[in-house]
Amino acid sequence: DNALTAVQKWDEKTAGAYFGSEILQGGEEAPEETASAADDAMEQMMPRFTEGLFWTFTDVKEEGDSAAITAEITNRDLGALIAAFLQEAFQQPTEEEQTAALADILSGLLDSQDIQTVTNTVTLELTYEEDHWKIAPSFELVNAIFGGMYGSLQDLGQDLG
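Computed from a predicted model, the values in this text were never measured in an experiment. Per-chain numbering applies: the sequence of each chain, read as written, is numbered from 1 onward. Per-residue local features are limited, in this predicted model, to residues with pLDDT of at least 70; the limit for side-chain atom pairs, both in listing and counting, is 80 or more; totals at the level of whole chains, interfaces and linings are taken over all residues. Hydrogens are left out, water is left out, and the side-chain values use all remaining heavy atoms of the structure.

Draft legend 1. Molecular detail of the overall build of the protein. On a plain count of helices and strands, the protein comes out with 7 helices and 4 strands. Mapped in sequence order, the helices and strands of the protein form the string α-α-α-β-β-α-α-β-β-α-α. The 161 residues of the protein split such that 35% are buried. Counting only contacts in the protein whose residues sit at least 6 apart along the sequence, the fraction spanning at least 24 positions is 63%. For every accessible area listed, the method is Shrake-Rupley and the probe measures 1.4 Å; residues are considered covered only by the protein chains on display. Just so you have it, the protein exposes about 9600 Å², and 46% of that area is on carbon and sulfur atoms. Helical segments are the DSSP runs of H or I of at least four residues, strand segments are the runs of E of at least two, and each set is numbered from the N terminus. Think of it in three bands: residues with accessible area under 20% of the maximum for their type are buried, residues over 50% are exposed, and the middle band is partly exposed, with areas taken using a 1.4 Å probe on protein chains only. By definition in these notes, contact holds between two residues if any of their heavy atoms fall within 4.5 Å.

Draft legend 2. Focus on the side chain of N75. With respect to the helices and strands, the residue N75 is situated in strand β2 (residues 66–76). Whenever a nitrogen or oxygen atom comes within 3.5 Å of another N or O atom, the pair is scored as a polar contact, on the condition that within protein one atom can donate a hydrogen and the other can accept it, and that pairs from neighbouring residues in sequence are kept only if both atoms are in side chains. For N75, the side chain forms a polar contact with the main-chain oxygen of F49, separated by 2.8 Å. From its side chain, N75 meets the backbone oxygen of I145 in a polar contact 2.7 Å long. Ignoring any residue separated from it by four or fewer positions in sequence, one finds N75 in contact with F49, T50, G52, L53, Q116, T117, V118, A144, I145, F146 and G147.

Draft legend 3. Representation of the pairing of strand β3 (residues 117–129) within the structure. Pairing between β2 and β3: 11 bridges, direction antiparallel. Note on β3: the bridge partner recorded for I69 is L124. Sheet topology places β3 next to strand β4 (residues 132–136); 5 bridges connect them, and they run antiparallel. Opposite E125, over in β4, you have A136 as the bridge partner. Linking β3 to β4, which pair antiparallel, is a turn of 2 residues; within it E130 sits at a positive phi near 55 degrees. A pair of strands is considered paired only if DSSP assigns at least 2 bridges between the two.

Draft legend 4. Up close: the pattern of salt bridges. Each salt bridge in this description consists of a side-chain nitrogen of Lys or Arg and a carboxyl oxygen of Asp or Glu lying within 4 Å of one another. Applying the stated criterion across every chain, the model contains 4 salt bridges. The residue D111 makes a salt bridge to R48 at a minimum N-O spacing of 2.5 Å. On the criterion of sequence distance, the pair formed by D111 in helix α5 (residues 95–111) and R48 in the loop between α3 (37–45) and β1 (54–63) is long-range, its members being 63 residues apart. With relative accessibility at 44%, the residue D111 sits in the partly exposed group. For K61, the salt bridge is made with D59, and the minimal N-O distance between the two is 3.6 Å. Looking at D59, the relative accessible area reads 31%, which means it is partly exposed. The structure contains a network of salt bridges with shared partners spanning R48, E51, R76 and D111.

Draft legend 5. Structural context of the sheet that holds β4. Reading across from one edge, β1-β2-β3-β4 is the order of the 4 strands in this open sheet, with antiparallel pairing throughout. Where the open sheet ends on each side, the last strands, each with one partner, are β1 and β4. With direction set aside, neighbouring strand axes in the sheet form an average angle of 30 degrees. Fitted lines through C-alpha atoms give the axes, limited to the stretch in contact for helices. The angle between two N-to-C directions lies from 0 to 180 degrees.

Draft legend 6. Highlighting helix α2 (residues 12–19). Those residues of α2 not exposed but buried are A15, G16 and F19. The buried side chains of α2 occupy one side of the element, clustering within an arc of 100 degrees when seen end-on. Positive backbone phi, approximately 70 degrees, marks G20, located one or two places after α2. Directions drawn from the helix axis to the C-beta atoms are what define this arc.

Draft legend 7. Examining the packing of aromatic side chains more closely. In summary, the pairing rule links any two rings of Phe, Tyr or Trp, Trp by its six-membered ring, whose centres are within 6.5 Å, and it sorts them by plane angle into stacked for under 30 degrees, edge-to-face for over 60 and tilted for everything else. This structure, assessed with the given rule, holds 3 aromatic pairs. Ring centres of Y128 and W133 lie 5.3 Å apart, and the angle between their planes is 75 degrees; this geometry places the pair in the edge-to-face category. Assessed through its relative accessible area of 35%, Y128 is described here as partly exposed. The partly exposed category is assigned to W133, whose relative accessible area is 23%. Among the aromatic residues, those joined into a cluster by ring pairs are W10, F146 and Y150.

Here it is as structure tokens:
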């Protein structure tokens, strides 16, 4: 519960302690000299992706230093939002205008009252290390946390590791 609360509140330090990775990092950061105002705006918007996150644990199995928790994770349907985002972003005539408009387009879509929710049932695999439980991040878990966004990007051919 504490790990998912950290993700919901975009607490990178606490989430990283539970997941053993930078689960809230969206990939490699742009070098400072190439970072743009659009990049900064997008980074500031990232916590909005998890503000609608909630979950229910439906089953817990603990055996020694390992455990498996079945969770129903619900968030706004960010997978559907990504499709709308890309469609609107690529309507801009030039690449520069596309880049400049990205944060505004995404913000408008996130503000929409039309976004449905999506619930994914995933199994969280935990191991007890040092003095607390750590959760093994998986594509299914990250995709559930981010409301299907990673699955939509993968369907569009994006390499998400």
